[in-house]
Amino acid sequence: IDADLAKKGEKVFKKCKACHQVGEKAKNKTGPVLNGIINRNIASVDGFKYSKPMKALGEEGKTWTPEEMAAFLTKPKKYLKGTKMSFAGLKKEKDIAAVTEYLKTFQE
Ligand code: HEM
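On a predicted model such as this, the values are computed, not experimentally measured, just so you know. (Residues numbered from 1 in each chain as written. Predicted model: local features only at pLDDT ≥ 70, side-chain atom pairs only at ≥ 80, totals over all residues. Heavy atoms only, no water.)

Caption draft 1: Spatial organisation of the overall build of the chain. When helices and strands are tallied, the chain shows five helices and zero strands. Computed over C-alpha atoms, the radius of gyration of the chain comes to 13 Å, within 12% of the 13 Å expected from 2.2 N^0.38 for 108 residues, which places it in the range of a compact globule. Dimensions of the chain along its principal axes, counting C-alpha atoms only, are 35 × 30 × 25 Å. Residues counted as buried form 40% of the 108 residues belonging to the chain. Residue pairs at least 24 apart in sequence account for 48% of intrachain contacts in the chain once pairs closer than 6 positions are excluded. Put simply, the chain shows about 7000 Å² of open surface, and 52% of that area lies on carbon and sulfur atoms. (Helix = DSSP H or I, 4+ residues; strand = E, 2+ residues; numbered from the N terminus. Rg over C-alpha atoms; globule rule 2.2 N^0.38 Å. Buried < 20%, exposed > 50% of the residue type's maximum accessible area, 1.4 Å probe, protein only. Contact = heavy atoms within 4.5 Å. Areas by Shrake-Rupley, 256 points an atom, 1.4 Å probe, with all protein chains shown as cover.)

Okay, structure coming up:
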């Protein structure tokens, strides 16, 4: 973990907080809990109702590698037609790297 980058990522994560929670008491909200999301199977958080196309990616066996995550966060709707994540995306590569590093601090 790059602590400085993770710290920057915590700020970037403010944009995600409207819909996602992380940490011990995290619950599914508009979006699923993001604890342990890095390298996890796509669409595999218990009790969250995913869109069909996102479920399909999970069923193909795809995982949230940092590369996959970067592609998704750049332009969610372009990465996955029909996703119900209503988020325009992060424009700066650096912000994506930072938020990914921040999420790594919530791996079990
Ligand atoms: C799904 C990350 C912002 C709503 C996801 C997933 C990730 C993610 C990794 C897939 C989860 C999985 O496979 O279990 C992020 C990050 C954000 C962000 C890092 C900020 C940079 C938002 C915002 C909203 C949102 C602002 C609501 C307006 C959702 C929803 C899904 C989702 C509804 C499920 C999508 C589907 O089933 O198609 N998000 N998200 N996210 N997110 Fe976000």
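Next comes the rest of the write-up.
Caption draft 2: Looking closely at a positive patch on the surface. Residues Lys-7, Lys-8, Lys-11, Lys-14, Lys-17 and Lys-94 make up a contiguous surface patch of positive charge. When residues of the positive patch are assigned to their parent elements, the largest contribution, three residues, is made by helix H1 (residues 3-12). With respect to the secondary-structure elements, Lys-8 resides in helix H1. (Patch = residues over 30% accessible without salt bridge, like charges linked within 9 Å, V, L, I, M, F, W, Y side chains within 5 Å. Salt bridge = Lys/Arg side-chain N within 4 Å of Asp/Glu carboxyl O. Lys, Arg positive; Asp, Glu negative; His and termini not counted. Charge placed at Lys NZ, Arg CZ, Asp CG, Glu CD.)

Caption draft 3: Structural context of unusual backbone geometry. In this model, Asn-39 sits at a positive phi of 70 degrees, which is unusual for a non-glycine residue. For Asn-39, the location among the structural elements is in the loop between H1 and helix H2 (52-59). Classification of Asn-39 as partly exposed rests on a relative accessible area of 48%. Here Ala-43, not a glycine, exhibits a phi torsion of approximately 60 degrees, which is positive. Its place among the elements puts Ala-43 in the loop between H1 and H2.

Caption draft 4: Broad picture of the side chain of Thr-100. Locating Thr-100 in the fold gives a position in helix H5 (residues 93-104). When residues no more than four places from it in sequence are discounted, the contact partners of Thr-100 are Ile-38, Pro-66 and Met-69.

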